Amino acid sequence: MPAAPLTSARPAATRTAYWTRLLPMLAALACLTRVPSFVRPLWNPDEGFLAVQAGLLAQGGRLYETVVDRKPPLVPWLYEAAFAVCGSGSLTPLRVLAVLAQLLTAALLASVARRRWGDTAGRTAGILYLLLSVGLNPEDAQAAVFEVFILPGTAAALWCADRGRWGGAGAAVAAAFLAKQTGGAVLLPVAWLLHRQADAPRTAVLRLAAGFAVPVLGAALLTDPAGFLFWTVTGSATYATLSGSGLHVLNRALANAALLAGASAALIPPVARALRDGRGPSADLWLWLASSAAAVTLGFHFFGHYYLQLTAPIALLATAALRFLPRERQVSAVLASVCCCVLFLAWGLFAPRAELTHAQRLAAALERRTTSADRVLVWGMHPETYWLSGRTPATRFLTAGLLTNYSGGRDGPRVGEKYAVPGAWPVFRREMSAHRPALVVDDSRGRPYAPDRVPTLRRLLATGYEEVDRVDGAVLYARAE
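S.K.: Outline the overall build of the protein chain, listing residues and values.
M.R.: Along the protein chain, the regular secondary structure elements total 21 helices and 5 strands. The globule rule puts the C-alpha radius of gyration for 481 residues at 23 Å, and the 24 Å found for the protein chain is close to it. For the protein chain, the proportion of its 481 residues judged to be buried stands at 56%. Carbon and sulfur atoms make up 63% of the accessible area of the protein chain, which amounts to about 19300 Å² in all. If you average the places of the 46 positive and of the 30 negative side-chain charges in the protein chain, the two averages end up 9 Å apart.

The following block contains the structure:
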């Protein structure tokens, strides 16, 4: 069971003074830790994918019909709304929203920790979370991607469950799920808290279920229910297989785990010691960590940004463990985390930008060789080229991954037309006939989805296209008149 509330007996003025002091400090730290995110126009292909999706939706596209991805709709809608208000030429508004998402997550974790363990613990939890939130490759930690917008929902779910607000907890789980399916993993610790609350009303389970079901069903109805189910649940079987890429995937999993462990290095010993001494945190926090780890593992891709889902439970576990250390040891652990954070921020500010530079050069070539009215096909894994060039995709499939099952460097035997999303190739062929692209860019650069291994694309290029340029290994084919 969580500790008894410590804030309920405090005067309202005391509670207000606490947050008046803490929130500005957390806001400043949230801004500081996200400074690198503002120095690049784009951090990773997920941002590019979302930007292109938002543009297509703004032109009248329909999610899961003419605009497709294996994700729920919340983050694409967020991008679309930001573009509607601020224009589509920059991701800065999304970077600002990412700062706010991190601040909200930190404040919710601080509130949970303060309620359970007191004022100092609240401050510690909020600060540790923000310090840990950048402890990965900057391309993963600084991007305004799905996982960043999962985190407020997961923290809100635990916050509501901690207070017995089961309808709100269900809605928060739904918000996390609608940002990305793995956000639903927080349902496990929420259900545990419900199970452990002896005085929970009989309607609590129904309120939790309704709180989750209503937003999810609403999102399905606002899009296309069958398409929503297919693209978010049933249509990704081949994407989640490990066949042929075990060593590659294992290396990525260990590398990203090592990065986050390095960022958490000063916090791991206190947690281990508290656990050994039988003074470990509440079971719900361990369940949150375990369910988040399972979410990272789901699909066997282990991208760095997946690991962001671990940072919130780690921050609370560390906060709980630090309570048992002398004051100077607590301060030392936080300062060591600050030093790690500074190293990751420096990495973000000065990291090389090879793929971004390539995408920018390719986008410039597209702008030179096409007009804004032309449709183009970029055959690769970097949809940001469409957004950077301001050109409309000739197909709803924005990457070769959806048509070949190539994703995250999977180089095993399960890459090719027959491993595509079911039904994708007939749709692709119809789109190529309906609006034949003015320019086709082969950006495979020797990877397993190159046109010579994809018969449909090979035939398309052979019947009406000729090579006109090469840019950093990418081959440009113009339509023969």
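S.K.: Break down the nonpolar core for me, with residues and values.
M.R.: Judged by nonpolar contacts, the single largest core of 150 residues is most densely connected at Tyr-79, Trp-166, Tyr-307, Leu-316 and Phe-397. The leading source of residues in this core is helix 7 (residues 146-162), at 12 residues. Beyond its immediate stretch of four places on either side in the chain, Trp-166 contacts Ala-161, Val-190, Leu-193, Leu-194, Gln-197, Ala-200, Ala-204, Arg-207 and Leu-208.

S.K.: Just give me the short version of the environment of Pro-215, but keep the residues and values in it.
M.R.: Position of Pro-215 relative to the elements: it lies in helix 10 (residues 204-222). Look at Pro-215 and you get partly exposed, because its relative accessible area is 29%. Considered as a pair, Pro-215 and Leu-298 are 83 residues apart in the sequence and their alpha carbons are 23 Å apart. If we skip the residues at most four places from it in the chain, Pro-215 touches Ala-174, Leu-178 and Ala-210.

S.K.: Tell me about the packing of aromatic side chains, residues and numbers included.
M.R.: Per the counting criterion, the structure on display carries 11 aromatic pairs. Between Phe-230 and Trp-231, the ring centres sit 5.4 Å apart and the planes meet at 85 degrees, which makes this aromatic pair edge-to-face. A relative accessible area of 24% means that Phe-230 is categorised as partly exposed. Consider the rings of Phe-303 and Tyr-306, whose centres lie 5.4 Å apart with planes at 90 degrees: the pair is edge-to-face. Of the two residues examined, Phe-303 and Tyr-306, each falls in the buried class. Taken together through their ring pairs, the aromatic side chains of Trp-379, Tyr-406, Trp-425, Phe-428 and Tyr-449 make up a single cluster. Lying across the ring of Trp-43, Arg-40 places its NZ or CZ 4.2 Å from the centre. Sitting above the plane of the Phe-146 ring, Lys-71 keeps its charged end 5.0 Å from the centroid.

S.K.: Quick one: what's the story with a nonpolar patch on the surface, residue by residue and with numbers?
M.R.: Where nonpolar side chains cluster on the molecular surface, the patch consists of Leu-32, Val-35, Val-39, Leu-349 and Phe-350 and spans about 460 Å² of accessible area. Assessed through its relative accessible area of 35%, Val-39 is described here as partly exposed.

S.K.: I'd love a proper account of the pairing of strand 3 (residues 439-442), names of residues and values included.
M.R.: Residues in a regular strand project their side chains so that they alternate between the two faces of the sheet. Judged by which residues are buried, strand 3 turns out to be covered on both faces: Leu-439 and Val-441 on one side and Val-440 and Asp-442 on the other are all buried. As paired elements, strand 1 (residues 375-379) and strand 3 share 4 bridges and run parallel to each other. Within the sheet, the bridge partner assigned to Val-378 lies in strand 3 and is Val-441. The sheet contact formed by strand 3 and strand 5 (residues 474-479) spans 4 bridges and is antiparallel. From the neighbouring strand, Val-440 faces strand 5, where its bridge partner is Tyr-477.

S.K.: Break down the state of the cysteines for me, with residues and values.
M.R.: What the rule picks out here adds up to 0 disulfides. Sulfur of Cys-341: no disulfide; nearest cysteine sulfur belongs to Cys-340 and is 8.8 Å away. Classification of Cys-341 as buried rests on a relative accessible area of 4%.

Cut-offs used in this document
Residues numbered from 1 in each chain as written. Predicted model: local features only at pLDDT ≥ 70, side-chain atom pairs only at ≥ 80, totals over all residues. Heavy atoms only, no water. Helix = DSSP H or I, 4+ residues; strand = E, 2+ residues; numbered from the N terminus. Rg over C-alpha atoms; globule rule 2.2 N^0.38 Å. Buried < 20%, exposed > 50% of the residue type's maximum accessible area, 1.4 Å probe, protein only. Areas by Shrake-Rupley, 256 points an atom, 1.4 Å probe, with all protein chains shown as cover. Lys, Arg positive; Asp, Glu negative; His and termini not counted. Charge placed at Lys NZ, Arg CZ, Asp CG, Glu CD. Core = buried A, V, L, I, M, F, W, Y, C linked by side-chain atoms within 4.5 Å. Contact = heavy atoms within 4.5 Å. Phe/Tyr/Trp six-rings, centres within 6.5 Å; stacked < 30°, edge-to-face > 60°. Lys NZ or Arg CZ within 6 Å of the ring centre and 35° of its normal. Patch = residues over 30% accessible without salt bridge, like charges linked within 9 Å, V, L, I, M, F, W, Y side chains within 5 Å. Salt bridge = Lys/Arg side-chain N within 4 Å of Asp/Glu carboxyl O. Pairing = 2+ DSSP bridges. Disulfide = S-S within 2.5 Å.

Any functional reading would require information that these geometric values do not contain.
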